[in-house]
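Inside the fold
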Amino acid sequence: MTEAQKKELEKALWGIANDLRGKMDADEFRDYILGFIFFKYLSERMRLYANGILEPDGIEFTDIVEGATEGEEVLEAVRTEAVEELGYFLKPSELFASIAQRGAQKGNNFILDDLSRILDNIQKSTMGTESEEDFNHLFEDLDLGSTKLGSVDELTQVSV
């Protein structure tokens with residue numbers, strides 16, 4: 001990539017970022033973006049770890065049926081190992097890819113409440129463990145109720 005192409009790409013990325021951040025200043029926008037990137041990292045790390053420990057049983061983490069007796073037993077076993085090894089736990093429905101998929105579906109898919117609950121669940125999964133202090137207030141800069149993200153009415157009427 002030439003230097004001119006790099007500058008053009010940087011200009012385009014900043015333009016996109018400015019459009020996305022709307023009423024937020026750059027520091028606030030950075031906090032949101034870094035929080036979401038870290039959530040995506042934690043999700044991917046959880047998925048890969050769970051798939052690794054479930055591989056001998058021929059089970060994919062995202063194929064576990066939450067709410068079913070067998071699925072809940074498997075999730076509890078994964079939870080125990082994940083909290084011990086990774087320091088936190090996410091259910092398959094709480095993974096970044098799952099929440100993004102729900103948000104991308106047509107219709108009123110207001111996922112900010114779900115996302116807020118999931119980020120809170122990450123912290124709760126560490127309570128009473130060695131990693132509790134590391135995850136305490138981890139996502140507190142992500143105010144998902146902020147009007148700077150737009151109004152609920154505007155967001156629920158958007159169809160992807």
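Above this text you will find the structure in question.
Residues numbered from 1 in each chain as written. Predicted model: local features only at pLDDT ≥ 70, side-chain atom pairs only at ≥ 80, totals over all residues. Heavy atoms only, no water.

It is worth spelling out the side chain of Ser98 at this point. Within the secondary structure layout, Ser98 lies in helix α4 (residues 96-104). Relative accessible area serves as the criterion here: at 18%, Ser98 is assigned to the buried category. Of the polar contacts made by the side chain of Ser98, one reaches the backbone oxygen of Pro92; its length is 2.8 Å. Each residue touching Ser98, except ones within four places of it in the same chain, is listed here: Pro92 and Ser93. (Helix = DSSP H or I, 4+ residues; strand = E, 2+ residues; numbered from the N terminus. Buried < 20%, exposed > 50% of the residue type's maximum accessible area, 1.4 Å probe, protein only. Polar contact = N/O pair within 3.5 Å; in protein donor to acceptor, adjacent residues only side chain to side chain. Contact = heavy atoms within 4.5 Å.)

Per the counting criterion, the structure on display carries four aromatic pairs. Ring plane angle 25 degrees and centroid distance 5.9 Å describe the contact between Phe38 and Tyr41, whose orientation is recorded as stacked. Here Phe38 and its partner Tyr41 are both found in helix α2 (residues 26-54), three residues apart, which amounts to about one turn of the helix. (Phe/Tyr/Trp six-rings, centres within 6.5 Å; stacked < 30°, edge-to-face > 60°.)

Note that every value here comes from positions in space, so none of it alone points to a role or purpose.
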